[in-house]
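Fold and geometry: a report
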Amino acid sequence: MTRLSAGFLPLMDAAILIAAARLGFADQEGIELQLMRDASWANIRDRIAIGHFDAAHMLAPMPIAANLGLGPLPGRLAAPFAMGLGGNAICVGNELAAEILSQGDGASTLPIHDAALSGHRLAAALEQRRRGGRATRFAVVHSHSGHNLELRYFMAASGIDPDGDVEIVIVPPPFMPDALASGRIDGFCVGEPWSNVAIARGVGRVIATKNAIWRSSPEKVLAVRHVLLDDDPGLVHALVRALYRAAVWCDEPGNHSELAHLLAEPGHLNVPATILQDSLAGRFGPDDDTGGRDFFVTCRRAATFPWRSHALWLYSQMVRWNLLDHSSANAKIANGTYRPDVYRAALAGTDALLPASDAKVEGALTQARDLPSADGRTLLIGPDGFMDGRIFDPAELDSYIAEQRGDVK
Amino acid sequence: MASEETTSVLVIDDNPIRASIIEEGLRAAGCMQVRLATDMHGIAATIEALQPDVIVIDLGNPNRDMLENAFQLSRAVKKPIAMFVDHSDAAATAAAIEAGVSAYVVDGLKPQRIKPILEMAVGRFNAFAKMERELQMARDALSERKLVERAKAILMRQRNIDEERAYRIMRSAAMNQNRRLAEIAESLITAASLLDDEK
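What you see is a predicted model, and the numbers here were worked out from it, not measured in a lab.

**Here's the deal with the overall build of chain B**
Across its full length, chain B carries 7 helices and 5 strands. Counting all 199 residues of chain B, 32% fall into the buried class. By sequence separation, contacts in chain B at least 24 residues apart represent 67% of the contacts at least 6 residues apart.

Here you go:
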């Protein structure tokens, strides 16, 4: 047995990592996986940099930011595995929810699966607030997060300037429902179960799921220290296989009750299992009490594959919102942070379906489609469309970045 | 210490006891400008008003992400603030994170002025952790003593023996099995409760 330590934050999308450690998938690969729950993304970033953790559950843009030198400590990271697709939502407080509803057609529910419509009504509500001299504040968990980037994309696509029309602040995930209840923020974008916790407490309602903004979009990755990959690639491969098997298990709806109870434990998320079952199923109180729209996908449709096009899209948005400067050298570093080659090497010889390419044109698959896998079997992938119908072709990165510069300013 | 050489330090810690231990240490080390903040509310304004050279925050505080963002946005801070001035001092960085200390330092501040502050904070954090551990051990010892008392009573009742004999049986079992007395007591209590259930 080889001991590996992995950090995580209390979020539903730590499910694959927790299942791997606790349900025997890591053991089967000869890994004694020690989980360490942490309190902030900054801690996860610093602790993996100094070697407290060998690996971590990490916001997808974070290893890219680390390799571009945006963090305080040196140390390269690699992202050889994605921890599923989707899993976030934009949630607003009751007051703003009522204002958004009043812009609608009289229906009492919010169109959480139609981000364009929801965004349009949010823009109208914000315009009304602006006329009334009222400011609006949203929260995300970190600037280098999918939450920050998708909230900004959602706003920009709806004609809202995320830097001028609203204020975006940082709040730790477990504190979001409290911040909303106290009125310190008007809305947030965060991973589950924190929107469902706000709904259960009666302090918030979801206006859009991550999936409605960009279907089948990346959220967390497994980050490993690059030195570990250099020194012992076989061990990283074994870890990827363990996580893959855990992801297969998590993907099975029949296992969700057990998964919810596992995640609910005090040492993991410390949130009631009933709430986590809603989170896993993608149910959001009265605005969607049926769920089941691929809200959080852990394995099927190549959900764990680290697409280079995901890395480059995240990079393009970090440039868009002035978190870094665009250069071909920087784009190359971002692209190289994701390691589909490691994923392929780890799963070669298993029954896992591997995509035929390392990147795809994001937004091209308006519907799920059967594509040939690397070994000629069929692999169902997508849909991957953006809410505004825009296409991201990673081969046209420069023009995509240039186009968006002219959008909202 | 000349006034222009005075380093101002802001300590952010939601544990008021630990915060005051650190504050006292900083003052003893000659830092006259020490401010404590236990609440993150309005922290950006505090930073702006205080203009600290060094900010110390515990790693267990989930608000580190919020704090870092406040630095990015704040115009008040003279230069971007980085954690640990000297990246080459990996051992000091590791020791600080090990202890649960995170420090932010205004870029350009001389390393020799930071080092004693950090070392002091690390030392105080470790002392506080040790104190907490000892407190926990004392609590555990108390509950262990209660366990032993309960187990002793069970044995006395079951075997109809006196207290001293019950204690000796447990102690020799602990010695023979190389286990702690409390563990023996725990298994006795568990066994007794199982047997009680069967009745």
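Picking up after the structure, the text goes on.
**Some thoughts on the overall build of chain A**
Tallying secondary structure elements over chain A gives 18 helices and 14 strands in all. For 409 residues, the compact-globule estimate of 2.2 N^0.38 gives 22 Å, and chain A sits close to it at 20 Å. Its C-alpha atoms give chain A principal-axis dimensions of roughly 60 × 45 × 45 Å. Looking at the 409 residues of chain A, the share that counts as buried comes to 57%.

**Topic: the domain arrangement of chain A**
All names here are of chain A. Here chain A is described as being made up of domain 1 (2-83 + 217-344), domain 2 (88-213) and domain 3 (354-404). Inter-centroid distance (C-alpha atoms) of domain 1 to domain 2 is 24 Å. On the domain 2 side, the residues contacting the 35 residues of domain 1 number 31 residues. Every element with two or more residues in the side of domain 1 that touches domain 2 is listed here: α4 (61-67), α14 (273-281) and α15 (308-320).

**Examining the interface of chain A and chain B**
Every contact between the two is made by 20 residues of chain A and, on the other side, 17 residues of chain B. At 6 residues, the largest contribution of residues to the side of chain A that touches chain B is made by helix α3 (residues 41-50) of chain A. Considering only residue class, the side of chain A that touches chain B consists of 13 nonpolar, 5 polar and 2 charged.

**Regarding the confidence of the model for chain B**
Per-residue pLDDT for chain B averages 78, and the proportion of residues at 70 or more is 81%. At the level of chain-chain contacts, confidence expressed as ipTM amounts to 0.80, with global pTM at 0.85.

**Quick word on helix α7 (residues 146-157) of chain A**
All names here are of chain A. The end-to-end C-alpha distance of α7 is 16 Å, a good match for the 16 Å that 12 residues give at a rise of 1.5 Å each. Most of α7 is tucked away: 12 of the 12 residues are buried. Downstream of α7 by a residue or two, glycine 159 has a phi angle that is positive, lying close to 80 degrees.

**Examining the sheet that holds strand β10 (residues 204-209) of chain A**
All names here are of chain A. If you trace the 5 strands from one edge of the open sheet to the other, you get β8-β7-β9-β6-β10, paired in mixed fashion. The open sheet has two edge strands with one neighbour each: β8 (167-170) and β10. Here the average twist between neighbouring strands, direction ignored, is 30 degrees. Against the sheet, helix α5 (residues 94-101) touches β6 (88-93), β9 (187-191) and β10, its axis set at about 95 degrees to β6.

**Digging into the UniProt feature "domain: ANTAR" (unreviewed entry) in chain B**
The UniProt entry lists residues 128-189 of chain B under the feature "domain: ANTAR" (unreviewed entry), expressed in the numbering used here. Taken end to end, residues 128-189 of chain B comprises 90% helix and 0% strand; its first and last C-alpha atoms sit 35 Å apart.

**Considerations on the pairing of strand β7 (residues 137-140) of chain A**
All names here are of chain A. Bridging between β7 and β8 involves 4 bridges; their strand directions are parallel. Counterpart to alanine 139 in the pairing with β8 is valine 169. Crossover connection from β7 via α7 to parallel β8: handedness right-handed. One ladder, built from 2 bridges, connects β7 with β9; its direction is parallel. Across the sheet, residue phenylalanine 138 finds its bridge partner in β9, namely glycine 187.

**Re the nonpolar core**
Counting 174 residues, the largest nonpolar core has Leu17(A), Ala20(A), Phe188(A), Ala223(A) and Leu243(A) as its most contacted members. Excluding residues within four positions of it along the chain, Phe188(A) makes contact with Cys91(A), Phe138(A), Ala139(A), Val140(A), Val171(A), Met176(A) and Leu180(A). If you look at the next biggest cluster of nonpolar residues, it comprises 7 residues, including Val148(B), Leu155(B), Ile184(B) and Ala185(B).

**Topic: the packing of α5(A) against helix α6 (residues 115-131) of chain A**
All names here are of chain A. At a closest axis distance of 8 Å, the pairing of α5 and α6 adopts a crossing angle of 110 degrees. Overall, the two elements α5 and α6 adopt an arrangement that is roughly perpendicular. Residues Leu96, Glu99 and Ile100 of α5 form the contact with α6, whose own contacting residues are Arg121, Leu122, Ala125 and Gln128. Looking at side-chain class alone, the contact of α5 with α6 contains 4 nonpolar, 1 polar and 2 charged residues.

**Quick look at the environment of Ile170(A)**
Considering the arrangement of structural elements, one finds Ile170(A) in strand β8. Residues Ile170(A) and Gly133(A) lie 37 residues apart in sequence; the distance between their C-alpha atoms is 23 Å. Residues contacting Ile170(A), with those up to four places away along its chain left out, are Ala139(A), Val140(A), Val141(A), His142(A), Asp65(B), Met66(B) and Asn69(B).

**Regarding unusual backbone geometry**
The omega angle of the peptide bond from Glu192(A) to Pro193(A) is 10 degrees, so this bond is cis rather than trans. Relative to the helices and strands, Pro193(A) is located in the loop between β9 and α9 (194-200). Residue Pro383(A) is bonded to the preceding Gly382(A) through a cis peptide linkage, with omega at 0 degrees. Secondary-structure assignment places Pro383(A) in the loop between β14 (378-381) and α18 (397-405). Even without being a glycine, Arg301(A) presents a positive backbone phi close to 55 degrees. Here Arg301(A) lies in the loop between β12 (296-297) and α15. With 21 C-beta atoms packed within 10 Å, Arg301(A) lands in the buried category. Even without glycine at this site, Gln51(B) takes up a positive phi of about 50 degrees. Among the secondary structure elements, Gln51(B) is positioned in the loop between α2 (43-50) and β3 (54-58).

**Overview of the sheet that holds strand β11 (residues 220-225) of chain A**
All names here are of chain A. Across the sheet, which stays open at both edges, the 5 strands sit in the order β2-β1-β3-β11-β4 with mixed pairing between neighbours. Edge positions in the sheet fall to β2 (31-37) and β4 (77-82), since each has one partner strand and no second. The average angle at which neighbouring strand axes cross in this sheet is 30 degrees, direction not considered. Sheet contacts for helix α1 (residues 15-22): β1 (2-8), β2 and β3 (55-59); angle to β2, the most-contacted strand, approximately 135 degrees. Along the sheet, helix α12 (residues 233-251) makes contact with β1, β2, β3, β4 and β11, crossing β4 at roughly 30 degrees.

What counts and what doesn't
Residues numbered from 1 in each chain as written. Chains lettered and ligands numbered in written order. Predicted model: local features only at pLDDT ≥ 70, side-chain atom pairs only at ≥ 80, totals over all residues. Helix = DSSP H or I, 4+ residues; strand = E, 2+ residues; numbered from the N terminus. Buried ≥ 20, exposed ≤ 12 C-beta atoms within 10 Å, placed from the backbone. Contact = placed C-beta atoms within 7 Å. Rg over C-alpha atoms; globule rule 2.2 N^0.38 Å. Domains from an automatic or database assignment. Nonpolar A, V, L, I, M, F, W, Y, C, P; charged D, E, K, R; others polar. pLDDT = per-residue confidence, 0-100. Expected span 1.5 Å × (residues − 1). Pairing = 2+ DSSP bridges. Axes fitted to C-alpha atoms, helices over the stretch in contact; angles between N-to-C directions. UniProt positions renumbered as here; feature names shortened; annotations may be inferred. Right-handed = clockwise from strand over helix to strand, strands pointing away. Core = buried A, V, L, I, M, F, W, Y, C linked by C-beta atoms within 7 Å. Parallel < 35°, antiparallel > 145°, perpendicular 65-115°, else oblique.

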